[in-house]
Amino acid sequence: MNREYEIGFIINPESSDEEVKKITDNIETLLKKGKATIENVDEWGRKKLAYPIDKHSEGIYFFYKTMAPGDIINSIERRLKLSEQVMRFIILRLDDKLKKTNRLEKKWKRIDKFIKKREEERQEAAASVENEVKEEATNE
Amino acid sequence: MNRPGKPASRTHKKQYFSKRKYCSFCKDRVRLIDYKNTSVLGNYIMETGKILPARVSGTCSYHQKQLSKAIKRARHMALIKFVESKRG
């Protein structure tokens, strides 16, 4: 059962390019072994952190979006926790929680209906104004 | 008691704007608030870094919950500060 996940992590800025590549290759091979598809890789590169972490003010950001089974995500989480170069990480599940969005859609339907009504009223008002103007013109 | 729609302490907080008429996320039909776009999230935090209450920003309850979760995730990933000290 593949579900959609998002994995983001920050790497120590003082690590060399090889080490950075090592970490990303590690994660990608883990994902491929578990028959997960990588949909998107977002590389932000070096970015200034909002507050210092481990006395560093910059970090290298990576974000992955995948469809993966749950046990692979467990092993990725452990790998990220134990790695010394990774300073922070976050793993999110991106499934659409159907119950909650139903309420949103109902709300938006109501809003759309209301907007339609308003437009129809305006058009009727505009049409009636035009008719009045025409009558005045013909009377004169 | 305060009238509905007015924030409780008007004198203390520097940032005070009233968008109480509509939820700007519902207006744009946003389903998922992403924790990564700090430009959008930055409109809903005070100068001190605190999250704005819904009665000030005008967001509906569904989006306010998503927004607070997104801000907390962004704080964890060092995209937004936890606290900003007052200047002066």
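Everything numeric here is computed off the predicted structure, so don't read it as measured data.

Draft legend 1. Here's a closer look at the overall build of chain B. Broken down by element type, chain B carries four helices and zero strands. The helix and strand sequence of chain B, counted from the amino end, reads α-α-α-α. Every one of the 88 residues in chain B was classed for burial, and the buried ones make up 38%. Taking all contacts inside chain B whose residues are at least 6 apart in sequence as the whole, residues at least 24 apart take part in 64%.

Draft legend 2. Inspection of the overall build of chain A at higher detail. A tally of helices and strands in chain A yields three helices and four strands. Put simply, chain A runs from its N terminus to its C terminus through helices and strands in the order β-α-β-β-α-β-α. The C-alpha radius of gyration computed for chain A amounts to 28 Å, which surpasses the reference 14 Å derived for 140 residues by more than 25%, pointing to a less compact arrangement than a globule. By sequence separation, contacts in chain A at least 24 residues apart represent 76% of the contacts at least 6 residues apart.

Draft legend 3. How the structure looks around the sheet that holds strand β2 (residues 37–53) of chain A. All names here are of chain A. Read across the sheet, four strands follow the order β2-β3-β1-β4 without closing on themselves; strand pairing throughout is antiparallel. Of all the strands in the sheet, just β2 and β4 (86–93) have a single pairing partner and so form its edges. Averaged over all pairs of adjacent strands, the angle between their axes in this sheet comes to 20 degrees, without regard to strand direction. Taken together, the nine bridges between strand β1 (residues 3–11) and strand β3 (residues 56–68) define a ladder with antiparallel strand orientation. From the neighbouring strand, E4 faces β3, where its bridge partner is M67.

Draft legend 4. Representation of a negative patch on the surface within the structure. Judged by side-chain charge, E119, E120, E121 and E124 of chain A come together as a negatively charged surface patch. With respect to the element layout, E124 of chain A can be found in helix α3 (residues 98–139).

Draft legend 5. Quick look at the pairing of β1 of chain A. All names here are of chain A. When you tally the buried positions in β1, you get seven out of nine residues, the bulk of the element. In this structure, β1 lies alongside β4, joined through seven bridges in antiparallel fashion. The partner of Y5 across the bridge, within β4, is R93.

Draft legend 6. Structural view of the interface of chain B and chain A. Residue-level contacts link 19 residues of chain B with 26 residues of chain A. Both sides of the chain B and chain A interface together cover about 2,000 Å² of buried area, and 64% of this is carbon and sulfur. On the chain B side of the interface with chain A, the three residues burying the most area are R29, R31 and M77 of chain B, jointly 31% of the side's total. There are two salt bridges connecting chain B and chain A. A salt bridge links E6 of chain A to K36 of chain B, with the nearest nitrogen and oxygen atoms 2.3 Å apart. The interface formed by chain B and chain A holds ten residue pairs in polar contact (both at pLDDT 80 or more) in total. Considering each element in turn, the side of chain B that touches chain A owes the most residues, five residues, to helix α4 (residues 61–76) of chain B. Looking at side-chain class alone, the side of chain B that touches chain A contains eleven nonpolar, two polar and six charged residues.

Draft legend 7. Examining the packing of helix α1 (residues 17–33) of chain A against helix α2 (residues 70–82) of chain A more closely. All names here are of chain A. It is at 10 Å that the axes of α1 and α2 come closest, and there the two elements cross at 165 degrees. Classified by the angle between their axes, α1 and α2 sit roughly antiparallel to one another. Of the two elements, α1 crosses α2, and the hand of that crossing is right-handed. Together, N26, I27, L30 and L31 of α1 and I72, I76, R79 and L80 of α2 make up the contact between the two elements. For the contact of α1 with α2, the per-class residue count stands at six nonpolar, one polar and one charged.

Parameters at a glance
Residues numbered from 1 in each chain as written. Chains lettered and ligands numbered in written order. Predicted model: local features only at pLDDT ≥ 70, side-chain atom pairs only at ≥ 80, totals over all residues. Heavy atoms only, no water. Helix = DSSP H or I, 4+ residues; strand = E, 2+ residues; numbered from the N terminus. Buried < 20%, exposed > 50% of the residue type's maximum accessible area, 1.4 Å probe, protein only. Contact = heavy atoms within 4.5 Å. Rg over C-alpha atoms; globule rule 2.2 N^0.38 Å. Pairing = 2+ DSSP bridges. Axes fitted to C-alpha atoms, helices over the stretch in contact; angles between N-to-C directions. Patch = residues over 30% accessible without salt bridge, like charges linked within 9 Å, V, L, I, M, F, W, Y side chains within 5 Å. Areas by Shrake-Rupley, 256 points an atom, 1.4 Å probe, with all protein chains shown as cover. Salt bridge = Lys/Arg side-chain N within 4 Å of Asp/Glu carboxyl O. Lys, Arg positive; Asp, Glu negative; His and termini not counted. Charge placed at Lys NZ, Arg CZ, Asp CG, Glu CD. Buried area = accessible area lost by both parts, 1.4 Å probe. Polar contact = N/O pair within 3.5 Å; in protein donor to acceptor, adjacent residues only side chain to side chain. Nonpolar A, V, L, I, M, F, W, Y, C, P; charged D, E, K, R; others polar. Parallel < 35°, antiparallel > 145°, perpendicular 65-115°, else oblique. Left-handed = near helix turned anticlockwise from the far one by under 90°.

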